[in-house]
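Architecture at a glance
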Amino acid sequence: MSRKNRRMAGGEARPLFGGALSYVERGGRRWAVRAISGSSATKTYRCPGCNQEIRPGTAHVVAWPVDEVGGGDERRHWHSGCWRR
């Protein structure tokens, strides 16, 4: 079952806590990117770049498109190296 993105009052996506938020253009889309430290990584995720697990304790990035409605629903966790490629 996919995870629902909780909404705050006014329809805004709830803030993500972690590293600094930055914005990049990639593949014709604008993305919000947040670095997650190893100490903040407490769950296992699957990287869409290599289809391998990101284990708890592994520093990685979270990215989601910000140029479309529902972009936060497309939030994905990536290995830092996979995201840079």
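Quick note: structure is the one above.
Residues numbered from 1 in each chain as written. Predicted model: local features only at pLDDT ≥ 70, side-chain atom pairs only at ≥ 80, totals over all residues. Heavy atoms only, no water.

1. Quick word on the state of the cysteines
A covalent bond bridging the sulfur atoms of two cysteines is what the word disulfide describes. Summed over all chains, the structure comprises 0 disulfides. Unpaired in terms of disulfides, Cys 47 finds its nearest cysteine sulfur in Cys 82, a separation of 3.7 Å. Residue class for Cys 47 comes out buried when judged on its relative accessible area of 0%. Note on Cys 82: relative accessible area 11%, which makes it buried. (Disulfide = S-S within 2.5 Å. Buried < 20%, exposed > 50% of the residue type's maximum accessible area, 1.4 Å probe, protein only.)

2. As for the sheet that holds strand β2 (residues 29-36)
Strands sit in the order β1-β2-β5-β6 across an open sheet of 4 strands; the sheet is antiparallel. The open sheet is flanked by β1 (21-26) and β6 (76-78), the only strands paired with a single partner. Neighbouring strand axes in the sheet, compared pairwise and without regard to direction, differ in orientation by 35° on average. (Pairing = 2+ DSSP bridges. Helix = DSSP H or I, 4+ residues; strand = E, 2+ residues; numbered from the N terminus. Axes fitted to C-alpha atoms, helices over the stretch in contact; angles between N-to-C directions.)

3. Let's talk about the pairing of β2
Here β1 pairs with β2 via 6 bridges, running antiparallel. Residue pairing for β2: Ser 22 is matched across the bridge by Val 33. Turn length for the β1-β2 hairpin, with the two strands adjacent in sequence and antiparallel, is 2 residues, and the turn residue Gly 27 shows positive phi of about 60°. Where β2 meets strand β5 (residues 60-65), 6 bridges bridge the pair, whose relative direction is antiparallel. When the sheet's bridge partners are listed, Trp 31 is paired in β5 with Pro 65.

4. Details of the pairing of β5
When you tally the buried positions in β5, you get 6 out of 6 residues, the bulk of the element. Covered by surrounding structure in β5 are His 60, Val 62 and Trp 64 together with Val 61, Ala 63 and Pro 65, the residues of both alternating faces. Bridge count between β5 and β6: 3 bridges; the pairing is antiparallel. From the neighbouring strand, Val 62 faces β6, where its bridge partner is His 77.

So yeah, pure geometry; function would need other evidence.
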